[in-house]
Structure formats: structure tokens, C-alpha cells
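This is what each chain is made of:
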Amino acid sequence: MSVPLSQMWTVGSYVLRQKLAGRTRYPLVLMLEPLFRCNLACAGCGKIQYPAHILRRHLTVDECLRAVDECGAPMVSIPGGEPLMYPEIGTLVRELIRRKKYVYLCTNALLLEQRLREGVFEPARYFSFSVHLDGLGPEHDDAVCREGVYETALAAIRAALQRGFRVTTNTTLFDGADPARVRQFFDAMMDLGVEGMMISPGYSYTKAPDQEHFLARQRAHALFSAILERPRRGWRFNQSPLFLKFLMGKLDFECTPWGNPTYNLFGWQRPCYLLQEGYAASFRELMETTQWEQYGRRSGNPKCRDCMVHCGHEPTAVDYTFASWRGFRQAVVATVTGRL
Ligand code: SF4
Ligand code: SF4
């Protein structure tokens, strides 16, 4: 497992402070979407389908920072759209680092080498590229509907690593993924030298046109068990080992969508990164007026029934880690031994 110790300490002490303060709902990672436009057109993407006048717009750096300050989460993930197309991305990242936020810039890496050459970013322990790769070359190029993207991303990862940047990968796995190929992909990422990998099952956005590959819960457990059972020595995951056990069906977590709040052009998105059930004007309004009990599997909401995505369930895994000695011990054992 590979989350750097300083980051573990920051997150652990933050969660403990929330618990000591008696807060049951608190944000862990802010999903900050400064824009929706992208230089790819993946079949499962619910972002790039907005009309052109929305795709042309983006948040200002001030709007982004106001959201970050309002929310207070120790980590900020910048998805999109493609954040490397955001004209102020360098300034935004610098400001977030100045605020000591751990920043994950989620990118398809098509523009990464160019941005590195332009000197837009500097390496920092608070800052990591999180490169979207959904498998080895054929699988990834198929997922993003364009040939050659995998090789471009690999070249960009090498360039970023050579310059001393932290680089992680994020992978969404859909029904029909071949466990053996996914394991080969993990080996390839480790050989490449990335710091850690993040994985999550795919899920049906309401706006996504490609509904046919989304995983039902039982099939997801079977898939992730086949992938993660007997993990190779040396595989490093940049996420909670207890979330991985949840994916395998060894732990059962309910969704805690407030753990990963989403802010974008429309405001604070209810209730999570995936569903769009209205927007709140402030973070406080989001937390206080969202009908949280209407979401998650136990709510009976059909939209949540088969969902196991990381943005809803990884914060639960982190909270569980610090909620009892049992959870803490399970996380430590999995982290130290690498066994899931
Ligand atoms: S790279 Fe991401 S944002 Fe761009 S089209 Fe694909 S899924 Fe959507
Ligand atoms: S289970 Fe949670 S993350 Fe999944 S769709 Fe429902 S609210 Fe969103």
C-alpha cells in the first residue's frame, strides 16, 4: 500500500478531529471540477455531453478556492473534463499546495508532456498526477474510444516521473474485464514506477449513453476478488485497503456521499459525484439540506442499489478505520502485509 506517511498522518489526524468533535458527516476529499470540456470523448462519460455553451465555461480560480476553503477537506481531487485544458490550472494547483491540501489532478495525460515542458507545475509532496488508465493498451484505447492514448499516457507518466513528480493511476473497471489482464496491467504500472494505483467499479451515470457494461454488485465482487486475491508483492494501491476488501465482498460498507462532495459550474452537486439531483449554493447548504437518508443501498433508492464506486464508499472505509480498534487493526494488517 502506498499512501505517503505524511498524507496518512494528515488524513488520520483530520478524521480523528472530526470524531472527537462528534461530527458524523464530514468531507474527506473535495471533487473540484473547474470545467467539463475534454480532449477525449469516452463512451461512458457523463460530463462532455453538456451543451457547447456549458462546455466553453469554467470556474475562476477564486471560485475554486472559495469552495476549497468552505469545504475544509484535507484532500482535493481535480477531475473534469480534462483539468490540463483549464487555463488557470498551474495557479490553482499552486494555491492549493499553499493551503497544504493534498491534490490529485486527474488527467487523461494527452496534454501532460506539453504542460510539463511549459513548466506549469513543480513537484511537491502535496501534489500528484492521477492518470486515467483503464487497463493495458487495447483495453484503455477501447475505453477512451481512441487509438494510441495508452502509449501517449505512458510516455507522459515517464516524463513526469523523470522530473520528480508524484504519479498515480486511476482505473475504472467494467463488467467483462479480464482479471488476468488487469493483473498484468498492475504489474506494468509498478514496472513503470507509479507511486500507487486507484481502482473503482464503473457505474451508470444517469446521463451516460453506454449503459450496457455497468456492473451489478455480485459480479463486481467476483471480478474484484479474482483480481485482488493473492495480490502480487509490490503492488501499491493509493487507496484504503479496506475499500479494496469491500470491493471483494469481504466487508460491507454503506455509502457516505458527503465524504466526497462535488463542486462545479452549477454549485455543490447533490448528493454525489455521480448523481445530479440538484445543486446547493454553499457547502453548508449541501450538508444541511440534502436528504442524505434517501441515498445509499439501504435507502432502497434504485439509483444506489448496485453502486460501489469509490467516491461514495472509500470515505466510509476511511471512517471505519478510525471508528474502532478493529477497523484500525484491519487496515494496519492489510497495509503492512499487503494481504487483502
Ligand atoms: S477523459 Fe474523462 S472527462 Fe474526458 S471524455 Fe473521457 S471520461 Fe470524460
Ligand atoms: S450509492 Fe452513493 S455514490 Fe453511489 S449513486 Fe448513490 S449516493 Fe451516489
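Preceding this paragraph is the structure being described.
Starting afresh in each chain, residues are numbered from 1 along the sequence in its written order. Think of it this way: whatever chain is written first is A, whatever ligand is written first is 1, and the rest follow in order. Totals for whole chains, interfaces and linings use every residue, but because this is a predicted model, local features are given only for residues with pLDDT of at least 70 and side-chain atom pairs only at 80 or more, for both listing and counting. Hydrogens are left out, water is left out, and the side-chain values use all remaining heavy atoms of the structure.

**Digging into the packing of helix α8 (residues 179-192) against helix α9 (residues 217-228)**
- The interhelical angle for the contact between α8 and α9, taken along N-to-C directions, is 50°, at an axis separation of 9 Å. By the criterion of interaxial angle, the relationship of α8 to α9 is oblique. Taken as a pair, α8 and α9 cross one another with a handedness that is right-handed. Between α8, through Pro-179, Val-182, Arg-183 and Phe-186, and α9, the contact on the second element is made entirely by Leu-223, Ala-226, Ile-227 and Leu-228.
- Looking at the contact of α8 with α9 residue by residue, the classes come out as seven nonpolar, no polar and one charged. All axes are obtained by fitting lines to C-alpha atoms, using only the stretch in contact for helices, and the reported angles, taken between N-to-C directions, cover 0 to 180 degrees. Numbering of helices and strands starts at the N terminus; helices are DSSP runs of H or I of at least 4 residues and strands are runs of E of at least 2. Each angle is binned into one of four classes, with values under 35 degrees roughly parallel, values over 145 roughly antiparallel, values of 65 to 115 roughly perpendicular, and all other values oblique. Here is the rule for handedness: rotate from the far helix to the near one, and if that takes an anticlockwise turn smaller than a right angle the crossing is left-handed, while a clockwise turn gives right-handed. Whether two residues are in contact is decided by their heavy atoms, any of which lying within 4.5 Å being enough. Classes in brief: Ala, Val, Leu, Ile, Met, Phe, Trp, Tyr, Cys and Pro nonpolar; Asp, Glu, Lys and Arg charged; the others, Gly included, polar.

**A word on a nonpolar patch on the surface**
- In this scheme, patches are assembled from residues that exceed 30% relative accessible area and form no salt bridge. Like charges are connected within 9 Å, while nonpolar side chains (Val, Leu, Ile, Met, Phe, Trp, Tyr) are connected within 5 Å. Accessibility throughout is a Shrake-Rupley quantity obtained with a 1.4 Å probe, and a residue counts as covered only by protein chains that appear here. What makes a salt bridge here is a side-chain nitrogen of Lys or Arg within 4 Å of a carboxyl oxygen of Asp or Glu, nothing more. Taken together, the side chains of Trp-325, Phe-328, Val-332 and Val-336 define a hydrophobic patch exposed on the protein surface, amounting to about 470 Å² of accessible area.
- One can find Val-332 in helix α13 (residues 325-337).
- Any residue under 20% of the maximum accessible area for its type is buried, any over 50% is exposed, and the rest in between are partly exposed; the area is computed with a 1.4 Å probe on protein chains only. Judged by its relative accessible area of 37%, Val-332 is partly exposed.

**Quick notes on the site of ligand 2**
- For this description, a residue counts as near a given molecule or strand if any of its non-hydrogen atoms is within 4 Å of it. Close to ligand 2 lie Tyr-203, Cys-255, Pro-271, Cys-272, Leu-275, Tyr-295, Cys-304, Cys-307, Val-309 and Gly-312.
- Across the shell around ligand 2, the residue classes break down as nine nonpolar, one polar and no charged.

**So, the environment of Val-194**
- With respect to the helices and strands, Val-194 occurs in the loop between α8 and β6 (196-201).
- Overall, the relative accessible area of 0% leaves Val-194 in the buried class.
- Along the sequence, Val-194 and Thr-107 sit 87 residues apart, while their C-alpha atoms lie 14 Å from each other.
- If we ignore the near neighbours within four places in the chain, the residues touching Val-194 are Ile-157, Leu-161, Val-167, Thr-169, Met-189 and Arg-236.

**Quick word on the sheet that holds strand β5 (residues 166-173)**
- If you trace the nine strands from one edge of the open sheet to the other, you get β6-β5-β4-β3-β2-β1-β7-β8-β9, paired in mixed fashion. With one partner strand each, in any of the chains shown, β6 and β9 (276-280) form the two edges of the open sheet. Averaged over all neighbouring strand pairs, the angle between strand axes comes to 30°, with direction disregarded.
- At least two bridges found by DSSP between two strands are what make those strands a pair. In this structure, strand β2 (residues 75-78) lies alongside strand β3 (residues 102-107), joined through four bridges in parallel fashion. Bridging across to β3, Val-76 finds its partner in Val-103.
- Contacting β4 (127-132) and β5, helix α7 (residues 149-162) crosses the sheet at an angle of about 150° to β5.

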